[in-house]
Amino acid sequence: MLLRLPTSVSEAQECMAEGAAPIGGATLIWATWQRDGFPEQAMSLRELPEANTIGRETLGGAVILNRIDDRVPEALRRAAATVGTGAVRRTATVGGNIVGSTLRCLLPAALVLEARAVVLDPDSVYETDLTEVLAKGHLLLGLRWRDPITSAYRKLPGEAGGPPPLVVAAALHTAGTGGTRLRVAVRDGYDVLTEGTEYDTGSDSEQVLDDLRRTAVGALHATAWEAVRELVTGLLSRPTGR
């Protein structure tokens, strides 16, 4: 197998047009290739600058998870820190986790940040929502979002060999009305649900939770709702910072 390492977007598009299979850390596809056979050529974006950005409002698809630090919002940073083992985090990439994985531990954090996906295809680079990326398996060049007021992430303990552990993420954003917008995402099993509500500055946490309770998140089972309640209550008690 020939591994190609493009250093420009145009070179990466050429690799795609010639049938190179995208590969990040290969933590999810190596076993499949060993079983079914390796492609003639593969492509990694690890040398592509646009896929390796880390900042307050951007994260590249080729960024290795253990490189994610306090330059990004707390929800994304904590999400990356909970993925697999240290060995996995030293290899797995943002794009592989969000697009290639069934667990998608970073997805709830990206959703509450209201992140948009920057997609690379053989003919163009464009921005779209994460729903399209997941549905069509696009090659993720990176994520972009507006820096939130604050954010948080929690993964509950799971049993070895059991179902995926419950994940809850939340973020506060400045709303166009002058108030605040709360976004919450929950991964329950392999499904991810996201909802939101807006509130005035003078609202207390119980009012906000009552509004959230009326959404689909409020209809989740008791364990999930309690995790949401705890995370949101803590988030609302620290309205500034990241």
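Here the structure is shown first, and the text comes after it.
Since we're looking at a predicted model, the values are computed, not measured. (Residues numbered from 1 in each chain as written. Predicted model: local features only at pLDDT ≥ 70, side-chain atom pairs only at ≥ 80, totals over all residues. Heavy atoms only, no water.)

Caption draft 1: Up close: the nonpolar core. In this structure, Leu59, Val94 and Leu143 are the most contacted members of the largest nonpolar core, which totals 35 residues. Taken together, the elements giving at least two residues each to this core come down to helix H3 (74–81), helix H5 (94–100), helix H6 (107–112), strand E6 (116–120), helix H7 (130–136), strand E8 (139–144) and strand E10 (167–174). Apart from the residues lying within four places of it in its own chain, the contact partners of Leu143 are Glu57, Thr58, Leu59, Val94, Ile98, Ala110, Ala115, Arg116, Ala117 and Leu130. With 23 residues, the next largest nonpolar core counts Val186, Val217, Leu220 and Trp225 among its residues. (Core = buried A, V, L, I, M, F, W, Y, C linked by side-chain atoms within 4.5 Å. Buried < 20%, exposed > 50% of the residue type's maximum accessible area, 1.4 Å probe, protein only. Helix = DSSP H or I, 4+ residues; strand = E, 2+ residues; numbered from the N terminus. Contact = heavy atoms within 4.5 Å.)

Caption draft 2: How the structure looks around the pattern of salt bridges. On inspection of all chains with the given rule, the structure shows 12 salt bridges. Glu114 is the salt-bridge partner of Arg181, the closest N and O atoms lying 2.8 Å from each other. With Arg181 in strand E11 (residues 180–188) and Glu114 in the loop between H6 and E6, this residue pair connects regions lying 67 residues apart in the sequence. What emerges from the salt-bridge pattern is a single network uniting Glu74, Arg78 and Arg238. (Salt bridge = Lys/Arg side-chain N within 4 Å of Asp/Glu carboxyl O.)

Caption draft 3: Representation of the packing of helix H8 (residues 205–213) against helix H9 (residues 222–236) in the model. Two numbers describe how H8 lies on H9: the axes approach to 10 Å, and their chain directions differ by 140°. Remark: the crossing between H8 and H9 carries right-handed chirality. Counted together, Ser205, Val208, Leu209, Leu212 and Arg213 of H8 and Trp225, Val228, Arg229, Val232, Thr233 and Leu236 of H9 form the full contact between these two elements. Its residues assigned to classes, the contact of H8 with H9 shows 7 nonpolar, 2 polar and 2 charged. (Axes fitted to C-alpha atoms, helices over the stretch in contact; angles between N-to-C directions. Left-handed = near helix turned anticlockwise from the far one by under 90°. Nonpolar A, V, L, I, M, F, W, Y, C, P; charged D, E, K, R; others polar.)

Caption draft 4: Fine view of the side chain of Thr180. Considering the arrangement of structural elements, one finds Thr180 in strand E11. When near neighbours in sequence (up to four residues on either side) are disregarded, Thr180 contacts Ile149, Leu172, His173, Ala175, Thr197, Glu198 and Tyr199.

Caption draft 5: View of the environment of Leu59. Tracing the chain through its elements places Leu59 in strand E5 (residues 58–60). On a C-alpha basis, the gap between Leu59 and Thr215 in space is 30 Å, while along the polypeptide they are 156 residues apart. Dropping the residues within four chain positions of it, Leu59 is found in contact with Thr53, Ile54, Ile68, Val72, Leu76, Val94, Gly142, Leu143 and Trp145.

Caption draft 6: Region of interest: the sheet that holds strand E2 (residues 21–22). The parallel open sheet is built from 3 strands, whose spatial order is E1-E3-E2. On the outer flanks of this sheet lie strand E1 (2–4) and E2, each paired with one strand and no other. Across 2 bridges, E2 lies against strand E3 (residues 41–43) in parallel orientation. Bridged to Ala21 within E3 is Ala42. (Pairing = 2+ DSSP bridges.)

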